[in-house]
Amino acid sequence: MQPHFYPKRLYQWLTSSNFGLSTTDPRYALLEACLIGFLSALAALILKVGVGWLGGLRVSLANQFGAIWILPLGGLTLGLISGWLIEQVSLSAAGGGITQVKASLARYPVPLSLQVVLVKLIGTIMVLGGGLTLGRRAPTVHIGAALAAQLSSWVPTSPEHRRQMIAAGAAAGLAAGFSTPIAGVLFVVEELMRDVSGLTLQTAIVASFVGAVVSLILQSASLSFSSSLLDLPNISFSASEIPFYLLLGILAGILGTLFKRGLLFSLTVQSRLNLPLPWRMGLVGMISGMIVAILPPFFQDNAGLRTFLVTGELSGDKILLAFIAHFFLTILAYSSNAPGGLFAPALVLGSALGYLVGDFEEFLTGTGAESTYALAGMGGFFTAVVRVPVTAIVIVFELNTDFNIVLPLMVTCAVSYVVAESASRGSLYEDMLKTKGICINEAATAQDFLSRLTAADVMQSKVESLPSHLTLEEVFQAMSVSSHRGFPVMEKGKLVGIVTQTDLANSAQYSPDKYLRDFMTPRPITVPADAVLSDVLYILNRYLLSRLPVTEGTKLVGIITRTDIIRVEANKLEGNDAQGNESLQEPSYVVYQTRAPAIGEGRILLPLANLDSATALFKIGAAIASQKQSELECLRIVKVPKHSNPAQTSLANQPYRQLLQHLEKLGKNKGLPVHTQIRVAHDISQAILETIRDRHINLMILEWTEDSRTPGAVFGHVVDFLIRKAPCELVLVKLGDNHDVYPHNLDKDATWLIPIAGGPNAQRAMELLPGLTGLYNRSRSPIIWLCKVFSPDGDFPQYQALEQTAQELKRTLERLVIPLPIRSQSVADAVVHLATAENCDVVMLGVSREGLLEQVMYGNLPKTIARQVRSTVILVRDAL
């Protein structure tokens, strides 16, 4: 193959469906996080070397030609060039960059791209090398986030995945800038994203670790941190020093708040002046240069000055002068919207403040550990400005790695945070965003519902599918009578393909006897049930699909279409929650569960409310499960009062655990996969609905007893609610009054009465007969009475349809099926009389959701039968 074919092959691979789907896979996310960490570390090194080289050149020229000329002129020139570059190429590269990243993570359309990376790198090197008292770590955070966003655009992925990668890039940027991987992760969680979901943390941790390690490797041959902070002497702490650390925390809180307000005020003034960005940055650079030129010579080298302040190599009066000058010069520099951050200035100001408090303690007591106060002051001042106390504690500790600093650092940061929050609530970056009309708190409250809902919340659980052995002619017939334009294709209970109208349009060359498996689309794109809607919508748009099968492993559990998502969006706009009233309920809590292999074609739910009848219900459930090749899910729900938290309620559930374990053994003996769980809930019916949704239930078997009826309800509040709301197929069982009826006694000659009136529910009832009647011993064969009640008035009834149904059922069951037409004014009376006269073992009928309740309310069929017939009654309602 020729070399020039490789780019084409690479492009085809990147745009293939398999690769596109893998971009939402957590393993791909971790691999991408590693790459982001490496690139962020490389960018941090370029930034550090560039600023150091240009800053050294500026100091050298100042010493050679005079600071009074070089510093203002250098600040003006470099500020103008940097401002012009940002204004012409990428305005998003202006400022520190934290606000841009924070807004992007809050889903605001803020540009983050390679263009931003390049402009930010060049602009930051120019302004910091030109002498502005800003830091390079915030730009590194911005650059890391922009690199992640660019990588996500090269390899298209879902919006939620892109957002997590941006957070990982920001964490990697901070970790690479300070060589503090833990602080990088915490800053994302505490300030930028406030998201502690598994994938967000995993990618942030990996990116931060890689960024910090690569940064250390690029800076030295060994993984040893060379910062002078490690060399600070006398890191110690005693209880007698607590008042001074409290004082340091109070001062840091007050001065940090003043610093924050000064920054916001200066930004407001600059915006009102409405100067072009190049002139704003150039003039601020010139003014800063003039001020630094008239200050003592050690001010001319920003890096050297910061080292002096951190290590305490200056006298007390010089530290105070440096604190005041740094305080106001940083405010002035930041007001220009130059590409530089506040992390390093805040830490340096805190260090200077700590030394001053340490000198004060030494003046009063004659003793003191100034280095400890310096480190505690760094954390306290950083906390007061950015309002991230945990990040501040960890970042200083990671820089120093001395456990003796932890307690004084925690005391100082805690006091500083309380004082700062009392004086002015919210972080600097949130206030800056508010001035731009971006309210992060409101955005978090009204968070994009597409990232909160999953495919299981929106999908249609009832899926019309086609077996793979259908012929082309039969597929055409199925398409012609259905409103759907596509069907999943199943083979042995597994999803093997999908067929759409497009496939049929392309099947003209096939004969009518061609099997569906030969012209369907094999290995269709699917989504797992727990995929968030933003990922689902991304896949639908990327591959121009109108529907996606939803799977759990290899099992098809639902299908989701664009119409389903539009419906959810419409409900959201109308103020209706997509999950209805369930979202208002405290969710149930699983306190016990076991899982069997998920090898069934479906899943049947068996709620157990009564220990005495549980085994009988299990027999019925096992019979249906064996027929349908399904799994059984045995559920026990424990109701607790409204004032109790389900997740914190202590229970004595040993009897039900023993029962569930017994049912597991029964299932194992029958070769059935049996799952079990015990849930604690405020509302039993809502907990059952949660289980139906979470476990993708196809059919539910529910017991009904006369004792369960309550005033104002038909079958009882729980059963009534589930009849109306449960989306799956429902089998309602009232067990017989004695132990000589089904399913207790299976070794006798039995008679089943099946009243029918036509319709899909009666058909569904008869479809369950093979499994239910299969429980009898082989020597016993129950007789099926297929009954239809005709009115005695009017013309002579047509019995042919009843006889034809009986013949079909007989062939299916291989049992005796007797058609029995009856003429009566009352359906209920006729059925009850026949069931009593023939001593029927089971009365089974199919009913609709509305008909089931209405008939009982008006004293019709089900209620009368259930009360007057002593045998087992089974009511079947099809899926909604």
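J.: Give me the lowdown on the overall build of the chain, citing residues and values where you can.
T.: Each helix and strand counted, the chain has 36 helices and 18 strands in total. Out of the 880 residues in the chain, the part that is buried amounts to 55%. Across the chain, the fraction of contacts at a sequence separation of at least 24, relative to all contacts at a separation of at least 6, is 79%. For the chain, the exposed area adds up to about 38700 Å²; of that, 58% sits on carbon and sulfur atoms.

J.: Can you lay out empty space enclosed by the protein for me, pointing to particular residues and giving the numbers?
T.: Summed over the entire model, instances satisfying the criterion amount to five cavities of 30 Å³ or more. Empty space within the largest cavity amounts to approximately 50 Å³. If you tally residues by element for the lining of the largest cavity, the top one is helix α12 (residues 277-294), at three residues. Here the lining of the largest cavity is composed, by residue class, of three nonpolar, six polar and one charged.

J.: Requested: an account of the packing of aromatic side chains, with residues and values cited.
T.: Here the structure, examined in full by the defined rule, presents 14 aromatic pairs. An angle of 10 degrees between the planes, with centres 4.3 Å apart, marks the rings of tyrosine 245 and tyrosine 373 as stacked. Residue tyrosine 245 is found in helix α11 (residues 242-273), and its partner tyrosine 373 is found in helix α16 (residues 370-386); the two are separated by 128 residues along the sequence. Across the pair, exposure class does not vary: tyrosine 245 and tyrosine 373 are buried alike.

J.: Could you give an account of α16, with specific residues and numbers?
T.: Compared with the 24 Å implied by 1.5 Å per residue over 17 residues, the 24 Å span of α16 between its first and last C-alpha is a close match. Within α16, 16 of the 17 residues are buried, leaving the element largely enclosed by the surrounding structure. Phi turns positive one or two residues past the end of α16, at arginine 387, with a value near 65 degrees.

J.: Can you break down the sheet that holds strand β1 (residues 466-467) residue by residue, with the values?
T.: Two orientations exist for strands paired in a sheet by backbone hydrogen bonds: parallel and antiparallel. Spatial ordering of the open sheet is given by β1-β2-β3-β4, a layout of four strands whose pairing is mixed. The sheet terminates laterally at β1 and β4 (521-522), the two strands that pair on one side only. Relative to strand β3 (residues 494-500), strand β2 (residues 486-491) runs antiparallel, the two being bridged by six bridges. In the sheet register, valine 489 faces β3, and the bridge partner there is glycine 497.

J.: So, the environment of serine 588: which residues are in play, and what are the values?
T.: By the element assignment, serine 588 lies in the loop between α26 (562-573) and β8 (589-594). Its relative accessible area of 12% is what places serine 588 among the buried residues. Counting along the chain gives 94 residues from serine 588 to histidine 682, while the straight-line C-alpha distance between them is 7.2 Å. Setting aside residues up to four positions removed in sequence, serine 588 forms contacts with Arg679, Val680, Ala681, Ala687 and Glu690. Polar side-chain contacts of serine 588 include one of 2.8 Å to the side chain of arginine 679. A distance of 2.8 Å separates the side chain of serine 588 from the side chain of glutamate 690, its partner in a polar contact.

J.: Tell me about helix α17 (residues 389-400), residues and numbers included.
T.: Within an α-helix, residues lying three or four positions from one another point in the same direction, as the helix has 3.6 residues per turn. Between the first and last C-alpha of α17 there are 17 Å, a value that for twelve residues agrees with the 16 Å anticipated at 1.5 Å per step. α17 sits mainly inside the fold: ten of its twelve residues count as buried. Three or more residues of α17 are buried, namely Pro389, Thr391, Ala392, Ile393, Val394, Ile395, Val396, Glu398, Leu399 and Asn400. Of the surrounding secondary structure, the elements contacted by the buried residues of α17 are α8 (159-178), α9 (181-192), α15 (343-365), α16 and α18 (406-423). Once α17 ends, the next one or two residues include threonine 401, with phi positive near 55 degrees.

J.: Could you give an account of the pairing of β3, with specific residues and numbers?
T.: Extensive coverage of β3 is indicated by the burial of five of its seven residues. Between the end of β2 and the start of β3, which pair antiparallel, lie two residues, with lysine 492 showing a positive phi angle near 55 degrees. As judged from the two bridges shared by β3 and β4, these two strands associate in the antiparallel manner. The residue bridging glycine 497 from the neighbouring strand is proline 522, located in β4.

J.: Describe in detail the packing of helix α5 (residues 98-105) against helix α19 (residues 428-435), supporting the description with residues and values.
T.: Relative to each other, α5 and α19 sit at 75 degrees, their axes nearing to 10 Å. Between α5 and α19, the angle is such that the two are roughly perpendicular. Facing Ile98, Thr99, Lys102 and Ala103 of α5, the residues of α19 in contact are Tyr429, Glu430, Met432 and Leu433. For the contact of α5 with α19, a count of residues per class yields five nonpolar, one polar and two charged.

J.: Report on the nonpolar core, specifying residues and quantitative values.
T.: Among the nonpolar cores identified, the biggest contains 105 residues, and Leu192, Phe259, Phe343 and Phe381 are the most heavily contacted of them. The contact partners of phenylalanine 259, leaving out residues within four places of it in the chain, are Phe327, Thr330, Ile331, Leu342, Leu349, Phe381 and Val385. Listed in part, the 52 residues of the second largest apolar core include Phe618, Leu659, Leu769 and Met844.

J.: Give me the lowdown on the sheet that holds strand β16 (residues 817-823), citing residues and values where you can.
T.: Taken in spatial order, the eleven strands make up an open sheet running β8-β11-β10-β9-β12-β13-β18-β17-β14-β15-β16, and their pairing is mixed. Only two strands of the sheet have a single neighbouring strand rather than two, namely β8 and β16. On average, adjacent strands in this sheet sit at an angle of 20 degrees to one another, irrespective of strand direction. Both strand β17 (residues 842-846) and strand β18 (residues 872-877) contribute to a ladder of five bridges, which runs parallel. Bridge pairing links valine 842 to threonine 872 in β18. Along the sheet, helix α27 (residues 614-628) makes contact with β9 (603-607), β10 (631-639), β11 (674-681), β12 (699-703) and β13 (729-734), crossing β12 at roughly 165 degrees.

J.: Go over a nonpolar patch on the surface with me, naming the residues and quoting the values.
T.: Taken together, Leu35, Phe38, Leu42, Ile46 and Leu218 make up a surface patch of nonpolar side chains, about 400 Å² in accessible area. Among the elements that line the nonpolar patch, the one with the most residues is helix α3 (residues 26-65), at four residues. Mapped onto the fold, phenylalanine 38 is located in helix α3.

J.: Got a sec to walk through the packing of α9 against α17? Specific residues and values, please.
T.: Close contact between α9 and α17 brings their axes to 9 Å; oriented N to C, the two are set at 170 degrees. Comparing the axis directions of α9 and α17 gives the class roughly antiparallel. Where α9 approaches α17, its residues Pro181, Ile182, Ala183, Leu186, Phe187 and Glu190 are matched on the opposing element by Pro389, Val390, Thr391, Val394, Ile395 and Glu398. Looking at the contact of α9 with α17 residue by residue, the classes come out as nine nonpolar, one polar and two charged.

J.: Describe the pattern of salt bridges, listing the residues and the values that go with them.
T.: By the definition in use, this model includes 15 salt bridges. Across the salt bridge formed by arginine 387 and glutamate 421, the nearest N and O atoms sit 2.7 Å from each other. You can see arginine 387 sitting in the loop between α16 and α17 and its partner glutamate 421 sitting in helix α18, a full 34 residues away along the chain. According to the relative accessible area criterion, arginine 387 is buried, its value standing at 6%. For glutamate 421, a relative accessible area of 14% gives the class buried.

J.: How would you explain the environment of valine 141 if you had to name every residue and give the values?
T.: Looking at the element boundaries, valine 141 is found in helix α7 (residues 137-154). Along the backbone, valine 141 and glycine 97 are 44 residues apart, and their C-alpha atoms lie at a distance of 7.2 Å. What valine 141 contacts, discounting residues up to four positions off in sequence, is Ile98, Val101, Gly169, Ala170, Gly173, Leu174, Leu192 and Phe343.

J.: An account of unusual backbone geometry is needed here, citing residue identities and associated values.
T.: Here the amide bond leading from tyrosine 742 into proline 743 is cis, since omega sits at 5 degrees, within 30 degrees of zero. Note on placement: proline 743 falls in the loop between β13 and β14 (751-755). If you check the backbone angles, serine 179 has positive phi at about 60 degrees while not being a glycine. In this fold, serine 179 is placed in the loop between α8 and α9. For glutamine 629, which is not glycine, the phi torsion reads 55 degrees and is therefore positive. You can see glutamine 629 is positioned in the loop between α27 and β10.

J.: Can you tell me about the confidence of the model for the chain, naming the residues and giving the values?
T.: On average, residues of the chain score 81 in pLDDT, and 85% of them are at 70 or above. Note on residues 10-17: pLDDT is under 50 here. Beyond four places in sequence and across chains, it has ten contacts.

Conventions we followed
- Residues numbered from 1 in each chain as written.
- Predicted model: local features only at pLDDT ≥ 70, side-chain atom pairs only at ≥ 80, totals over all residues.
- Heavy atoms only, no water.
- Helix = DSSP H or I, 4+ residues; strand = E, 2+ residues; numbered from the N terminus.
- Buried < 20%, exposed > 50% of the residue type's maximum accessible area, 1.4 Å probe, protein only.
- Contact = heavy atoms within 4.5 Å.
- Areas by Shrake-Rupley, 256 points an atom, 1.4 Å probe, with all protein chains shown as cover.
- 1 Å grid on protein atoms, 1.4 Å probe; cavity = no way out; pocket = protein on both sides within 12 Å on 5 of 7 lines; lining within 4 Å.
- Points joined across faces, edges and corners; volume = space filled by probe spheres on them.
- Nonpolar A, V, L, I, M, F, W, Y, C, P; charged D, E, K, R; others polar.
- Phe/Tyr/Trp six-rings, centres within 6.5 Å; stacked < 30°, edge-to-face > 60°.
- Expected span 1.5 Å × (residues − 1).
- Pairing = 2+ DSSP bridges.
- Polar contact = N/O pair within 3.5 Å; in protein donor to acceptor, adjacent residues only side chain to side chain.
- Axes fitted to C-alpha atoms, helices over the stretch in contact; angles between N-to-C directions.
- Parallel < 35°, antiparallel > 145°, perpendicular 65-115°, else oblique.
- Core = buried A, V, L, I, M, F, W, Y, C linked by side-chain atoms within 4.5 Å.
- Patch = residues over 30% accessible without salt bridge, like charges linked within 9 Å, V, L, I, M, F, W, Y side chains within 5 Å.
- Salt bridge = Lys/Arg side-chain N within 4 Å of Asp/Glu carboxyl O.
- pLDDT = per-residue confidence, 0-100.

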